[in-house]
Amino acid sequence: MLNIEIDGKAVEVDHGTTIIDAADQLGIDIPRFCYHKKLSVAANCRMCLVQVEKFNKPLPACATPVADGMKIYTRSKSAVEAQKSVMEFLLINHPLDCPICDQGGECDLQDIAVAYGAPKSRYTEEKRVVLNKNIGPLVSTDMTRCIQCTRCVRFLKEVGGMMELGLVGRGEHAEITAYVDKSVNSELSGNIIDLCPVGALTSKPFRYTARSWELTRRPSIAPHDGLGSHIEVHVKDGKVLRVLPREKESINECWLSDRDRFSYEGLNSPDRLKVPMIKHNGAWQETDWKTALEFAAGQLKDITNQYGGEALGVLVSPNSTMEEGFLAKQIAKGLGSQNIDYRLRQTDFRLDGKRLGTPWMGCNIPDLEQFDRILIIGSNLRNEHPLLSQRIRKAVANGAELNIISPLDNNPLMAVKHKVVVRPNDMVNVLAQVLKAMSGLQRLSLCLPPSLNALLEEINVRANTQAIAESLAGLGESYDLVSPKTAIFVGNLALNDPRFTEMFSLAEAISGLCGATLGLIPAGSNNTGQHMMGVMPGPQGMHVRAMLEIPRKAYLLVNVEPELDCHNGAAARKAMQQAECVIALTMYKSEALDDADILLPIAPFTETSGTLMSMEGRVQSFSAVTKPLGECRPGWKVLRVLGNTLGIAGFDYDSSEDVKKAIFGGEKPSAVVWRSLNNNLKELVEIEVNIKSDGLQRIGEVPMYQIDPIVRRSPPLQKTKYNRKPMAMMHAQQMLTLGLVAGDQVLVRQGEGSAVLEVRQDDHVALGCVRVQAANPLTASLGELMGDITVEKIAANVAVTA
C-alpha cells in the first residue's frame, strides 16, 4: 500500500492507483471528460490537470500513477489555472446552442464550464462546423459539439468488441466519424449516448421530447433477457420517455443493451389493448372487466366440467413475473388441469423428472471474467445475451480460451480458440467426440448408459474436437496441465433443439470429467423463476408441444402471442383455431391473437409490480413507474380476480408482495433459491445414436429484436440492421449445390406450412442448413425451429428440391 496526500487529506491506496482514482476514493472532485472508470486511459482532454509536489508542470490525474509520499493539489493556483486554460480551449469551437441541445441540464461541459470556465470568451474568430453523420436509427449526432474525448471510440472497440467509430484529422480538423457509408451496428451502441460528456451523441427516439428536469426517474428491472439489468425509467405526464442504466457492478455494471434501452417505444404502440374485449359472431366488442371475467370464468368452468381438467391448456410467457406464473399455476390446479408450461420454444422435454434441481447459469455473472477456458454450446451470444457476451469478451482479453460448438458461425467479436460449426443434428456427435477425447486425456471412465458407451465406441475423434477437449482440460501446445477454471454453457439454440436432452447430458458428462462449471443460459427473463415454481406440467400433464399437437378444448394464455412465441407457429395457430375457447391476458391486440375469444388487457412491466429471477438465481422485485394505460390491470391482479370468480380457494392476495411471500413460503427468497438451484441430472439419459437426415435442416433463430411482444413493437429497434425481412439464408457452397443464387425466390416448406422467401448468402450457416428466422408473421406458418425443411426454387420452369 502507498501513503499519499491529496489537498491535505491522507489516504492509503494500492500500487498502480492513479491520482484520479485516489481522489475519487476521498470524494475530491477532479474535472474530467475523456476519463471513464470502465475504459482505457486516453489522457487527451487534459481537463484533469493537477499540481504534484516536486513536478514543475501540471500532470493529468487520469494517467499519473501515485507514488509513496506523493502530495497532490487539485485546487492550487497552478492546477486551477491549467484547468481554466483547458476549459477555454475546449470552448473555442463549441457552439452556444445549449437551449436546443438535448444534453442540456445533464451536460458535463455545462457543469464544468460553470465551475472552471471564464466569464467570457476572448475568441472572436468564426467557429468551425462539422457535418453530422447518420450512424443508425438509435443514436443522433451533432458533431460540431464534439470535444474529441474519444469515449465513444474506446467503448465500441473495448466493450462492444469492434471499432466502428474513429478519430480522423489533426488539430482543429480532428473529428469523430464512422467508416465510409457505415453505421454503428453494435448491440450496445446506446451506451455511447451515456458516455458522451456533451450533446454530440444523443438518443434519436428521445430527441426533442422532454427536458431532463421535467422527467421523473424511477428504478426498475429490464424484462427482456435473463440478466436482469438494473434500469432507470424516465417518465413525464404518465408516459415512459426514456430508459437509462442504473449502475449495478455485479449484473450490468454501468451498461445497458440496446434491446433494454429502446424497447420502451413498444409500450406506446397503437396495438396496446386498453379495454377488455369479447368476440361475438366473429367481431370484437369492448366490454367491462366484470362482464369479461365472469364470461371467461364461465367458459373455463363449462369446458372443464364437461371434458375434465385435462381439456384446459395454460401457456405462460417466460418473461412473465413470478407472481403471474404462480397464480396461473394455481388456477390450472384449481380447475383440475396439470397442463401448464412456460417453455414455449422448447421441443425436447425428456429431462423432465430427471433433474436434481432448478437449471441455472451455474455461476454468478462477474465469475465469467475469471474463467480460463469456456465452451459455448449452441448459442449466438451477441443475439441472446449482449451484456453477457461482453463479460466473456473481457475474460478472453485476459487470456481465456473460448471454444464454440454451434450450427452458426456468427462473429462473437472476440478471439475464438477452437470452433466446430455443424448441423444441429450433428452437435450430439461432436459433443460425444469431445467426451471421448476428454475421457482419454483424464484416463477416467464414466458410468454411462449403454447407448452412450456404444456411441463412444463407434465414433472417431477428429482433430478439432480433440483440440477442444485439450483446451477444456488445460492442455496447451506444450501439454502442460495448468488446472484451469473451466465453464461449459448451453445456449438457446441448443435449448430449442429436438436433441437438447442428449446435448445437455453430454455437456454434464464432459463437465464432470474436467471439473467445469456447467450452466444453462436461456433467453427468457424469468426462465429460472418459472422452473423453480414448477410452472410446468404435472405427472399426468402435457408439456407445451403436446398441448399444441393434441389441441385442448380451452387455452389460457398469459402474455403469449402463440404463433410468434411458440416453437411451432403452424401448430400453435391450428390449436387455437380448433379450441372452443381461448382466453388471452395480453398487452396488445394483434393478428397473432385473432383466434382468441376473450382479450384481457394486462399491464407491461412499467405499469405493474412483480418479481423476476435472473438466470444466476437473483430474485429482484420492481414496482410500477407509471399508471396503467386505459383499463389495463396488472397481470397478477387479473389472475387473482379470475381465480376468485372461478371460486378457487387461496386467491386472497392484496398485493404482489403477498403473492411473493406465498411463493417463497414466507422464507427469505435467497434461502429458497440456493436450495433449489442445481444443474445436475439424476442419471445420464439414453442417447439416440441413429438420428440421421440427409435433407436440409432449419435453423429457426429468434432475432434479437423479435424476442417478445414489447420489443417487436419498438419502431427504432425495428429500423436496425438486425430486423431484416425473413430470408432463406444459406452457405455459398450450399447454394451452389442447390443451383441457387442470391436473390432467387424459393418456396420453403415445413410439414403443411410454407413460405416464399428470397435466398441470401450467409457463410455463417452450417452446411446442410437453412437459416430462416422465427417470431415473424411471414414465417409463422412454418414448423419447428430446428426441424427438417425443403427448398424449391421458384423460377422459369426450373425446380430445385432438397
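Residue numbers restart at each chain and count upward from 1, following the sequence in its written direction. Residues qualify for local features only when their pLDDT is at least 70, as the model is predicted, and side-chain atom pairs are given and counted only at 80 or more; totals for whole chains, interfaces and linings, by contrast, use all residues. As a convention, hydrogens and water are excluded, and side-chain values are obtained from all of the structure's heavy atoms.

- In the nomenclature of an unreviewed UniProt entry, the chain is known as NADH-quinone oxidoreductase of Pseudomethylobacillus aquaticus.
- UniProt positions are given in the numbering used here, feature names are shortened, and annotations may be inferred rather than shown by experiment. According to the UniProt record, the Sequence similarities (unreviewed entry) comment for the chain is "Belongs to the complex I 75 kDa subunit family."
- UniProt, in the comment section headed Function (unreviewed entry), describes the chain in these words: "NDH-1 shuttles electrons from NADH, via FMN and iron-sulfur (Fe-S) centers, to quinones in the respiratory chain. Couples the redox reaction to proton translocation (for every two electrons transferred, four hydrogen ions are translocated across the cytoplasmic membrane), and thus conserves the redox energy in a proton gradient."

### Quick word on the overall build of the chain
- Secondary structure elements follow DSSP: runs of H or I of four or more residues count as helices, runs of E of two or more count as strands, with numbering from the N terminus. For the chain, the count of helices and strands is 25 helices and 32 strands.
- Our radius of gyration is a C-alpha quantity, and the globule rule it is checked against amounts to 2.2 Å times the number of residues to the power 0.38. A globule of 802 residues ought to have a C-alpha radius of gyration of about 28 Å, and the chain, at 29 Å, matches this closely.
- For the chain, the proportion of its 802 residues judged to be buried stands at 60%.
- Whether two residues are in contact is decided by their heavy atoms: any pair within 4.5 Å suffices. For the chain, restricting intrachain contacts to residue pairs at least 6 apart in sequence, the fraction spanning at least 24 positions comes to 73%.
- The method behind every accessible area is Shrake-Rupley, applied with a 1.4 Å probe, and residues are considered shielded solely by the protein chains displayed. A total of about 32100 Å² of accessible surface is found on the chain, and carbon and sulfur atoms cover 49% of it.
- A distance of 3 Å separates the average location of the 87 positive side-chain charges in the chain from that of its 93 negative side-chain charges. Residue exposure (1.4 Å probe, protein chains only): buried if accessible area is under 20% of the type maximum, exposed if over 50%, otherwise partly exposed. Charge assignment in this entry is limited to Lys and Arg as positive and Asp and Glu as negative, and neither His nor the chain termini are counted. In plain terms, the charge of a residue is placed at NZ if it is Lys, CZ if Arg, CG if Asp and CD if Glu.

### Here we look at the pairing of strand β1 (residues 2-6)
- Here β1 shows a clear split, with Leu2, Ile4 and Ile6 buried on one side and none of Asn3 and Glu5 buried on the other.
- DSSP-based pairing: two strands are paired if at least 2 bridges between them are found. For β1 and strand β2 (residues 9-13), the ladder comprises 5 bridges, and the chain directions are antiparallel. Across the sheet, the residue bridging to Ile4 is Val11, located in β2.
- Counting the residues between successive antiparallel strands, the hairpin from β1 to β2 contains 2 residues, one of them, Asp7, with a positive phi of roughly 50°.
- Here β1 runs beside strand β5 (residues 71-73); their pairing, made up of 2 bridges, is parallel. Looking at the pairing, Glu5 lines up with Lys71 of β5.

### Digging into the state of the cysteines
- Cysteine sulfur atoms that come within 2.5 Å of each other are treated as a disulfide pair. One pass over the structure, following the stated rule, counts 0 disulfides.
- No disulfide involves Cys146; its sulfur sits 6.4 Å from the nearest other cysteine sulfur, which is in Cys152.
- Residue Cys146 is classed as buried on the basis of its relative accessible area of 13%.
- As a non-bridged cysteine, Cys514 has Cys363 as the owner of its nearest cysteine sulfur, 14 Å distant.

### Notes on the pairing of strand β32 (residues 788-794)
- Judged by which residues are buried, β32 turns out to be one-sided: Ile789, Val791 and Lys793 face inward and are buried, whereas Asp788, Thr790, Glu792 and Ile794, on the alternate face, are not.
- Bridge analysis of strand β27 (residues 696-699) against β32 gives 2 bridges, and the strand direction is antiparallel. Residue pairing in the sheet places Gln697 in a bridge with Asp788 of β32.
- Two strands pair when backbone bridges link them, and strand β29 (residues 745-750) and β32 are joined in this way by 5 bridges, in the antiparallel orientation.

### Some thoughts on the nonpolar core
- Among the nonpolar cores identified, the biggest contains 82 residues, and Phe33, Met47, Phe155, Leu165, Met361, Ile392 and Phe489 are the most heavily contacted of them.
- At 5 residues, the largest contribution of residues to this core is made by helix α10 (residues 386-397).
- Counting residues in each nonpolar core, the second largest holds 71 residues, with Val240, Leu241, Phe326 and Val558 among its members. The term nonpolar core refers to a set of buried residues drawn from Ala, Val, Leu, Ile, Met, Phe, Trp, Tyr and Cys, joined through side-chain atoms within 4.5 Å.

### A word on the sheet that holds strand β4 (residues 59-60)
- With mixed pairing, the 5 strands of this open sheet are ordered in space as β2-β1-β5-β3-β4. Where the open sheet ends on each side, the last strands, each with one partner, are β2 and β4.
- Set on the sheet, helix α1 (residues 19-26) makes contact with β1, β2, β3 (49-52) and β5; between it and β2 the angle comes to about 115°.
- To get an axis, fit a line to the C-alpha atoms, keeping to the stretch in contact for a helix; angles then go from 0 to 180 degrees between the N-to-C directions. Of the strands in this sheet, β3 and β5 touch helix α2 (residues 77-91), which is tilted by about 160° from β3.

### Observations concerning the pattern of salt bridges
- Whenever a carboxyl oxygen of Asp or Glu lies within 4 Å of a side-chain nitrogen of Lys or Arg, that contact is scored as a salt bridge. Summed over the entire model, instances satisfying the criterion amount to 46 salt bridges.
- In this structure, the salt-bridge partner of Arg145 is Asp142, at a minimum N-O distance of 3.3 Å. Residues Arg145 and Asp142 agree in their burial class; the two are buried.
- Between Lys394 and Glu253 there is a salt bridge, and its shortest N-O distance comes to 2.7 Å. Of the two residues, Lys394 is situated in helix α10 and Glu253 in the loop between β12 (239-245) and α6 (258-262); the sequence distance between them amounts to 141 residues.
- What makes Lys394 partly exposed here is its relative accessible area of 26%.
- The exposure class assigned to Glu253 is buried, which follows from its relative accessible area of 1%.

### Details of the side chain of Asp225
- With respect to the secondary-structure elements, Asp225 resides in the loop between β10 (216-221) and β11 (230-236).
- Note on Asp225: relative accessible area 3%, which makes it buried.
- Pairing of N or O atoms within 3.5 Å defines a polar contact, subject to two protein rules: one partner must be a possible hydrogen donor and the other a possible acceptor, and residues neighboring in sequence count only if both atoms are side-chain atoms. Reaching out from Asp225, the side chain makes a polar contact with the side chain of Arg259 at a distance of 3.5 Å.
- Apart from the residues lying within four places of it in its own chain, the contact partners of Asp225 are Arg259, Asp260, Glu384, His385, Pro386, Ala523, Gly524 and Ser525.

### Here's the deal with the packing of helix α8 (residues 322-334) against helix α20 (residues 635-645)
- At their nearest, the axes of α8 and α20 sit 9 Å apart, and the two run at 15° to each other. Between α8 and α20, the angle falls in the class roughly parallel. Along this stretch, α8 crosses α20, giving a crossing that reads as left-handed. For the pair formed by α8 and α20, the contact residues are Glu323, Glu324, Leu327, Ala328 and Ile331 on the first element and Gly635, Trp636, Leu639, Arg640, Leu642 and Gly643 on the second.
- Classifying every residue of the contact of α8 with α20 gives 6 nonpolar, 2 polar and 3 charged. Angular relationships are summarised with four words: roughly parallel below 35 degrees, roughly antiparallel beyond 145, roughly perpendicular across 65 to 115, and oblique for the angles in between. Whether a crossing is left-handed or right-handed is set by the direction in which the near helix is turned from the far one by less than a right angle, anticlockwise for left-handed and clockwise for right-handed. Any residue outside Ala, Val, Leu, Ile, Met, Phe, Trp, Tyr, Cys, Pro, Asp, Glu, Lys and Arg is labelled polar, Gly included; the first ten of those are nonpolar and the last four are charged.

### Considering the sheet that holds strand β19 (residues 418-421)
- On the basis of which strands lie adjacent, the open sheet formed by 5 strands has the order β19-β18-β17-β20-β21 and parallel pairing. Two strands bound the open sheet, and with one partner strand each, they are β19 and β21 (517-520). Averaged over all neighbouring strand pairs, the angle between strand axes comes to 15°, with direction disregarded.
- When strand β20 (residues 486-490) meets β21, the two strands line up parallel, connected through 4 bridges. The partner of Phe489 across the bridge, within β21, is Gly519.

### What about the side chain of Asn776?
- Considering the arrangement of structural elements, one finds Asn776 in the loop between β31 (769-771) and β32.
- Engagement of the side chain of Asn776 in a polar contact is seen with the backbone nitrogen of Leu778, the distance being 2.9 Å.
- Beyond its immediate chain neighbours, meaning those up to four positions away, Asn776 contacts Leu564 and Pro726.

### A few points about the packing of aromatic side chains
- Two rings from Phe, Tyr or Trp (for Trp, the six-membered ring) form a pair when their centres are within 6.5 Å of each other. A pair whose planes differ by under 30 degrees is stacked, one over 60 is edge-to-face, and the rest are tilted. Tallied over the full model, the rule gives 5 aromatic pairs.
- Ring plane angle 75° and centroid distance 6.4 Å describe the contact between Phe371 and Phe489, whose orientation is recorded as edge-to-face. Of the two residues, Phe371 is situated in the loop between β16 (340-341) and β17 (373-377) and Phe489 in strand β20; the sequence distance between them amounts to 118 residues. Residues Phe371 and Phe489 agree in their burial class; the two are buried.
- Aromatic pair Phe500 and Phe504: ring centres 5.8 Å apart, planes at 50°, arrangement tilted. Here the residue Phe500 and the residue Phe504 both occupy positions in helix α15 (residues 500-514), the gap between them amounting to 4 residues, near one helical turn. The same class applies to Phe500 and to Phe504, which are both buried.
- Lying over the aromatic face of Tyr307, Lys553 brings its terminal NZ or CZ to 4.9 Å of the ring centre.
- Cation placement over rings: the criterion is NZ of Lys or CZ of Arg within 6 Å of the ring centroid and within 35° of the ring normal. When the ring centre of Tyr588 is taken as reference, the NZ or CZ atom of Arg713 above it lies at 4.1 Å.

### A look at helix α13 (residues 463-473)
- Counting buried residues in α13 gives 8 out of 11 residues, a clear majority hidden from the surface.
- Of all the positions in α13, only Thr465, Ala467, Ile468, Ala469, Glu470, Ser471, Leu472 and Ala473 are classed as buried.
- Count one or two residues on from α13 and you reach Gly474, which has phi positive near 85°.

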